[in-house]
Amino acid sequence: MESRSSHLHTLHPAAAGPRCKVCKCEDLLSIYESRLYDRIMPDGVSLDDIEMLDGEAGVQTWADGTTEVVLRCLSRMVHDRHLREHHHIRVHCENIMREVDPGDKEAQLRAQVRCEQFKATANEKDFWCKELLDTAATHMRVFEQRKKEFKLMRALWVSLDNRVG
């Protein structure tokens, strides 16, 4: 593991002695960052070599975190399934009505009742699907807000660390 120079001493897994509050805060910020992003580091480049905030080094250094990617994929999957089910319902009802003799009013009424029952069952699923999609969209907005917040927090932290150092 690489060692990194801090404001007081060299950070290393085998470093002896108590850690100051600034170092502990740096550790917590790094943990938060690692949960928010998946780091993509080019070979031979350390964290100190990269401008993290605006990608000024011309390298994409931070990717969406695994949790965010999985949530986005699940959301898309639910959305696609939702669209397929709506298409299936429409086609199914069209087929039911097509099979009925246009002159038989009683058979048409029974077919309409079957379609309405089918749609009622689908509407209950539709409610939960929309609820799930809304919840996923809320979580995605939270991820985006946390990323924006983190950029500001990191800038403030770098400034503070430079003043302490």
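Please refer to the structure placed before this passage.
One structure accompanies this document, and this report is about it. (Residues numbered from 1 in each chain as written. Predicted model: local features only at pLDDT ≥ 70, side-chain atom pairs only at ≥ 80, totals over all residues. Heavy atoms only, no water.)

Here's the deal with the side chain of K147
Examined against the element boundaries, K147 turns out to sit in helix α3 (residues 105-164). Judged by its relative accessible area of 9%, K147 is buried. A polar contact of 2.9 Å, which involves the side chain of K147, links it to the side chain of E68. For K147, the contacting residues outside a window of four places in its chain are L36, Y37, D64 and E68. (Helix = DSSP H or I, 4+ residues; strand = E, 2+ residues; numbered from the N terminus. Buried < 20%, exposed > 50% of the residue type's maximum accessible area, 1.4 Å probe, protein only. Polar contact = N/O pair within 3.5 Å; in protein donor to acceptor, adjacent residues only side chain to side chain. Contact = heavy atoms within 4.5 Å.)

A few points about the packing of helix α2 (residues 66-99) against α3
Between α2 and α3, the shortest axis-to-axis distance is 9 Å and the interhelical angle comes to 165 degrees. Judged by the inter-axis angle, α2 sits roughly antiparallel to α3. The interaxial crossing formed by α2 with α3 has left-handed handedness. (Axes fitted to C-alpha atoms, helices over the stretch in contact; angles between N-to-C directions. Parallel < 35°, antiparallel > 145°, perpendicular 65-115°, else oblique. Left-handed = near helix turned anticlockwise from the far one by under 90°.)

Notes on the packing of helix α1 (residues 21-36) against α3
The geometry of α1 relative to α3 is characterised by a closest axis approach of 11 Å and an angle of 155 degrees between their N-to-C directions. Relative to α3, α1 is oriented roughly antiparallel. Handedness of the α1/α3 crossing: left-handed. For the pair α1 and α3, contact is made by V22, C25, E26, L29, S30, Y32, E33 and L36 and by F143, R146, K147, E149, F150, M153, R154, W157 and D161, respectively. Residue composition of the contact of α1 with α3, grouped by class: nine nonpolar, one polar and seven charged. (Nonpolar A, V, L, I, M, F, W, Y, C, P; charged D, E, K, R; others polar.)

Some points on the pattern of salt bridges
Pairing between side chains of opposite charge can happen when their charged atoms approach one another. Counted by the stated rule, this structure contains seven salt bridges. Its salt-bridge partner being R154, residue E26 comes within 3.7 Å of it at the nearest N-O pair. Remark: R154 occurs in helix α3 and E26 occurs in helix α1; sequence separation between them is 128 residues. Comparing E26 with R154 shows no difference in burial state: the two are buried. A salt bridge links R90 to E94; the shortest N-O distance between them is 3.1 Å. (Salt bridge = Lys/Arg side-chain N within 4 Å of Asp/Glu carboxyl O.)

Some thoughts on α3
With 60 residues, α3 extends 86 Å from end C-alpha to end C-alpha; this agrees with the ideal 88 Å at 1.5 Å per step. Between a side-chain oxygen at the N-terminus of α3 and the backbone nitrogen of E106 the separation is 3.4 Å; the capping residue is D104. (Expected span 1.5 Å × (residues − 1).)

Brief notes about the packing of aromatic side chains
Two aromatic rings, taken as a pair, are described by how far apart their centres are and by the angle between their planes. For the coordinates displayed, the defined rule picks out one aromatic pair. Ring centres 6.0 Å apart and planes at 50 degrees place the aromatic pair Y32 and F150 in the tilted group. Placement of the pair is Y32 in helix α1 and F150 in helix α3, with a sequence separation of 118 residues. Exposure remark for F150: the relative accessible area of 3% places this residue in the buried category. (Phe/Tyr/Trp six-rings, centres within 6.5 Å; stacked < 30°, edge-to-face > 60°.)

Brief notes about the nonpolar core
Generally speaking, nonpolar side chains in soluble globular proteins are found buried as a group. Of all hydrophobic cores here, the largest spans seven residues; its members are L29, L36, Y37, M140, F143, F150 and W157. Of all the elements in the fold, those that place two or more residues in this core are α1 and α3. With four residues, α3 is the largest single contributor of residues to this core. Those residues within four positions of F143 in sequence are excluded, and the remaining contacts are L36, T67, E68 and L71. Counting residues in each nonpolar core, the second largest holds six residues, with C93, I96, A107 and C115 among its members. (Core = buried A, V, L, I, M, F, W, Y, C linked by side-chain atoms within 4.5 Å.)

Some words on empty space enclosed by the protein
Scanning the entire structure with this criterion turns up two cavities of 30 Å³ or more. Taken as a whole, the second largest cavity spans an internal volume of roughly 40 Å³. Of all the elements in the fold, those that place two or more residues in the lining of the second largest cavity are α2 and α3. Per-element tally for the lining of the second largest cavity: the top contributor is α2, with four residues. (1 Å grid on protein atoms, 1.4 Å probe; cavity = no way out; pocket = protein on both sides within 12 Å on 5 of 7 lines; lining within 4 Å. Points joined across faces, edges and corners; volume = space filled by probe spheres on them.)

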